[in-house]
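Spelled out, the chains give:
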Amino acid sequence: MRDISVDELKSIELEMLKFIDGVCKKEGLRYFLCGGTLLGAVRHHGFIPWDDDIDIFMPRPDYERMIELTKDSEVYRLLSDADGGYYYNFGKLVDKRTVLIEQQVNPIENMGIYIDIFPVDGMPETPTECDAHFRELDKIRNKINGFSQEKPRLRKNLIAYLNSWNLYIGNKKRKLSKEQSDYKVLALQYAYDDSSNVYATGGSYKKKDIFPKEWLSDGTELEFEGKKFCAPSQYDKYLKRLYGDYMKLPPKEKQITHHMFKAYWKD
């Protein structure tokens, strides 16, 4: 397998974003740049120079529809909680021509270079209710994420160890499936289109990922690497919530990527 350079990786991800943009425009689906990708669009008109990923979010109904629409793609696959052994509560659109190996105890099967797609769910009306609902969601989310680091107990006898490993894999998938099912039931308790507040499920900003739905509205377009993509209508409020003075560059020592992986082209 041939190594994929950082520039190649960004080019592959950009093509994936164009693919999503095309599907959404054709099918009338809503999506928005989010997190560091939105920050990059506003501050750098493209990738943050020291970053190497793309994040978007989609209202839950559109996200579920996107999973269906990508099933027959020759190049891409949208990994989600429907895939056994996948321990996230958000999706990853993967380029099937690539292999990506992350530094974790239990690597996900069929992983390649990806774009993160976070479903946006409805939330209760009041801050107190939002807080309580978030805590319940986060409790299950932490259990789901914990499966990535679990491993069976070592045994002196090789046969016993292999048997325990097979039993562990089966049990893990069953437990993971139950936790994901419980999470989704809770996440769907408040319908996106009927809610005033929303939550970008699975994001890394915790409670900051809860915000008024009106910040998204019908979206606006921002330039990212020479092409216009959809962004929240009130992106300034969203970015200030996540980053504060977001136009100010972080100190040099923090201008580093946080992703640890190796990426390759398949033979």
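Attention in this report is confined to the structure presented alongside it. (Residues numbered from 1 in each chain as written. Predicted model: local features only at pLDDT ≥ 70, side-chain atom pairs only at ≥ 80, totals over all residues. Heavy atoms only, no water.)

### Considerations on the sheet that holds strand E1 (residues 2–3)
So, step 1. Across the sheet, three strands lie side by side as E1-E12-E6; this open sheet has antiparallel pairing. What marks the edges here is a single partner per strand, and that holds for E1 and strand E6 (98–102).
So, step 2. Relative to strand E12 (residues 261–265), E1 is paired through two bridges, and the arrangement is antiparallel. Among the inter-strand pairings, Asp 3 is bridged to a residue of E12, identified as Tyr 264.
So, step 3. Where helix H1 (residues 6–27) meets the sheet, it contacts E1, E6 and E12, and its direction lies at approximately 75° from that of E12. (Pairing = 2+ DSSP bridges. Helix = DSSP H or I, 4+ residues; strand = E, 2+ residues; numbered from the N terminus. Contact = heavy atoms within 4.5 Å. Axes fitted to C-alpha atoms, helices over the stretch in contact; angles between N-to-C directions.)

### A look at the environment of Phe 47
So, step 1. By secondary structure assignment, the location of Phe 47 is in the loop between helix H2 (35–43) and strand E3 (55–59).
So, step 2. Here Phe 47 is in contact with Lys 10, Glu 13, Asp 52, Asp 53, Ile 54, Phe 224 and Glu 225, once residues within four sequence places are set aside.

### Some thoughts on helix H3 (residues 60–69)
So, step 1. Along H3, the residues classified as buried are Arg 60, Asp 62, Tyr 63, Met 66 and Ile 67. Angularly, the buried residues of H3 cover 160° about the axis, an arc narrow enough to put them on a single face. (Buried < 20%, exposed > 50% of the residue type's maximum accessible area, 1.4 Å probe, protein only. Arc of directions from axis to C-beta.)

### Things to note about the pairing of E3
So, step 1. Of all five residues making up E3, five are buried, and the element is well covered by its neighbours.
So, step 2. Taking every second residue as pointing to the same face, both faces of E3 are buried, with Asp 55, Phe 57 and Pro 59 on one and Ile 56 and Met 58 on the other.
So, step 3. Taken together, the two bridges between strand E2 (residues 32–33) and E3 define a ladder with antiparallel strand orientation. From the neighbouring strand, Leu 33 faces E3, where its bridge partner is Ile 56.
So, step 4. Where E3 lies against strand E7 (residues 114–123), five bridges are found, and the strand directions are parallel.

### Description of the pattern of salt bridges
So, step 1. Using the criterion set out here, one finds 20 salt bridges in the structure.
So, step 2. Glu 64 is the partner of Arg 60 in a salt bridge, and the nearest nitrogen-oxygen pair spans 3.2 Å. Residue Arg 60 and its partner Glu 64 are both found in helix H3; the two are separated by four residues, about one turn of the helix.
So, step 3. On the accessibility criterion, Arg 60 (6% relative accessible area) is buried.
So, step 4. In this structure, Asp 236 engages Lys 240 in a salt bridge whose closest nitrogen and oxygen atoms are separated by 3.2 Å. (Salt bridge = Lys/Arg side-chain N within 4 Å of Asp/Glu carboxyl O.)

### Remarks on unusual backbone geometry
So, step 1. Residues other than glycine seldom take positive phi values, yet His 45 does so here, at roughly 60°.
So, step 2. Along the chain, His 45 turns up in the loop between H2 and E3.
So, step 3. Phi is positive for Lys 206, close to 55°, though the residue is something other than glycine.

### A closer look at the packing of aromatic side chains
So, step 1. One pass over the structure, following the stated rule, counts 14 aromatic pairs.
So, step 2. Between Tyr 88 and Phe 90, the aromatic rings sit 5.1 Å apart at their centres with planes inclined by 45°, giving tilted as the arrangement.
So, step 3. The exposure class of Phe 90 is buried, given its relative accessible area of 7%.
So, step 4. A connected cluster of aromatic rings, assembled from ring pairs, spans Phe 32, Phe 57, Phe 211, Trp 215 and Tyr 238. (Phe/Tyr/Trp six-rings, centres within 6.5 Å; stacked < 30°, edge-to-face > 60°.)

### Digging into the packing of H2 against helix H6 (residues 235–243)
Packed helix pairs are specified by the crossing angle of their axes together with the interaxial distance, meaning the distance between the axes.
So, step 1. Between H2 and H6, whose axes approach to 11 Å, the crossing angle comes to 120°. It follows that H2 is oblique to H6 by the angle criterion. For the pair H2 and H6, the crossing hand works out as left-handed. Residues Gly 35, Gly 36, Leu 38, Leu 39 and Val 42 of H2 pack against Tyr 235, Tyr 238, Leu 239, Leu 242 and Tyr 243 of H6.
So, step 2. Of the residues that constitute the contact of H2 with H6, the class distribution is eight nonpolar, two polar and no charged. (Parallel < 35°, antiparallel > 145°, perpendicular 65-115°, else oblique. Left-handed = near helix turned anticlockwise from the far one by under 90°. Nonpolar A, V, L, I, M, F, W, Y, C, P; charged D, E, K, R; others polar.)

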